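# Per-entry structural report
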Amino acid sequence: MNRREFLAASLLLGVHSALPASSSAGDAVAAAGGWLDEAHALINDAARAPSSHNSQPWQIALHEGEHWSLSRAPGRSLQVVAPDGRECWQSLGAFLVALEVAAAARGLQLEAGDCAGATSAVPLHLSPRSVDTTWLPALRRRRTLRKALAPLTGCEATLAACLAAAPSARFFAHGSPAARLIADATLEATAAQCKDDAVWHELARWIRWQESELAGNPTGITPATMELPWLAQRWVAATYSRDEVLAPAFRARSLELAARQTQEGGGWLAFSTESDTPTDWRHAGAELMRLWLRAVPAGIALHPMSQAVEALPQRRAVEAALGLEHLQLLVRVGKRDYPPDTPSPRLAAQRISVLS
Ligand SMILES: Cc1cc2nc3c(=O)[nH]c(=O)nc-3n(C[C@H](O)[C@H](O)[C@H](O)COP(=O)(O)O)c2cc1C
């Protein structure tokens, strides 16, 4: 048995069955530690999945080595911009694909069952399979790139190959009437959100201006993930607080930034589904992640811009104009190589999983 097979076997044996009946308490902790450490390593990889405002709304219960369940983490979802749980389930869908990739790299097949409703847990089952590390490097390197997205000239065929992993996504090239319509709807929705104090109170709770905030709560958006220039990062860390986000000037700058972003890149991806249930939301998030993992090695950057999905008038306008049933995600896309670093903070596996 090689090391990977051994690790897969220890995960599958689980905490209870790994212990011989005569083992002492010390042996028990050591044996549980072996598979639990491996489970945590797997979960840490999966946690590189994207989530709206980096809320990381996932929570895993480890019932036994091979039976886990995934549910929404209390307090880590966006109640103002997505009160129905849409973005939370999209993030969980992306997380499930990441979990599948991290498990395959350790010789484990992940199967995720259906969940009964928006607040129910998703049953997960792990079983042995051949080791497949194909997508692990992309999972570890993937990040949201928000600036300097270049046109996709010469990458059309690569993008089409990536799109094969996401049947619910359609691409609208920059400059086309559909792409202009999405850009306009995004700006209208952003302008409407600028007038809604609750949106900015919520955003303020998810921005971590100072690094010291991250030690206790490694979630949310930071000056580095906003891709502020180095000096600006130092400036905001030294002078900004939550109050800055609530000021009219911050909203005006956010609108200006959105306007610049919608002008650059190679176009838009619109994800849509035939019905509009938590299962559809989860599947849209899963397809986003499958596409994203393929985009990383191709140097194609993805930037979700959710404003026109969150604001109902703009969502309905985009659906009607593009002939889509239920719009799920709007993602800006453009050419840009992925830097080696992934600065977005993450909660450690110990904080997002519990033994039950
Ligand atoms: C469902 C969903 C919606 C998102 N919406 C936005 C958005 O509107 N604007 C944005 O800049 N990023 C958006 N993101 C990207 C997240 O902010 C990003 O994934 C998170 O901050 C973690 O950073 P990372 O992707 O670099 O790991 C979204 C991501 C998901 C999964």
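Above: the structure in question.
What counts and what doesn't
- Residues numbered from 1 in each chain as written.
- Predicted model: local features only at pLDDT ≥ 70, side-chain atom pairs only at ≥ 80, totals over all residues.
- Heavy atoms only, no water.
- Pairing = 2+ DSSP bridges.
- Helix = DSSP H or I, 4+ residues; strand = E, 2+ residues; numbered from the N terminus.
- Axes fitted to C-alpha atoms, helices over the stretch in contact; angles between N-to-C directions.
- Contact = heavy atoms within 4.5 Å.
- Parallel < 35°, antiparallel > 145°, perpendicular 65-115°, else oblique.
- Left-handed = near helix turned anticlockwise from the far one by under 90°.
- Nonpolar A, V, L, I, M, F, W, Y, C, P; charged D, E, K, R; others polar.
- 1 Å grid on protein atoms, 1.4 Å probe; cavity = no way out; pocket = protein on both sides within 12 Å on 5 of 7 lines; lining within 4 Å.
- Points joined across faces, edges and corners; volume = space filled by probe spheres on them.

### A word on the sheet that holds strand β5 (residues 169-173)
Taken in spatial order, the four strands make up an open sheet running β5-β6-β8-β7, and their pairing is antiparallel. The open sheet is flanked by β5 and β7 (300-304), the only strands paired with a single partner. Between one strand and the next, the sheet's axes are offset by a mean angle of 30°, whatever the strand orientation. As judged from the five bridges shared by β5 and strand β6 (residues 267-273), these two strands associate in the antiparallel manner. Considered in β6, the bridge of F171 is made with L269. Packed on one face of the sheet, helix α5 (residues 156-163) meets β5, β6, β7 and β8 (326-335) and runs near 160° to β5.

### Section: the packing of helix α3 (residues 86-104) against helix α12 (residues 278-295)
For the pair α3 and α12, interaxial distance at closest approach is 7 Å and the crossing angle is 50°. Between α3 and α12, the crossing angle belongs to the class labelled oblique. For the crossing formed where α3 meets α12, the hand is right-handed. Packed against α3, whose contacting residues are R86, W89, Q90, G93, A94, L96, V97, A98, E100 and V101, the element α12 presents P278, W281, R282, A284, G285, A286, M289, R290 and L293 at the interface. Each residue belonging to the contact of α3 with α12 can be placed in one class, and the counts come to twelve nonpolar, three polar and four charged.

### Some remarks on empty space enclosed by the protein
If you walk through the whole model with that rule in mind, you get one cavity of 30 Å³ or more. Empty space within the largest cavity amounts to approximately 40 Å³. Together, S52, S55, P57, R76, S77, L78, A82, E87 and C88 line the largest cavity. Its residues assigned to classes, the lining of the largest cavity shows four nonpolar, three polar and two charged.

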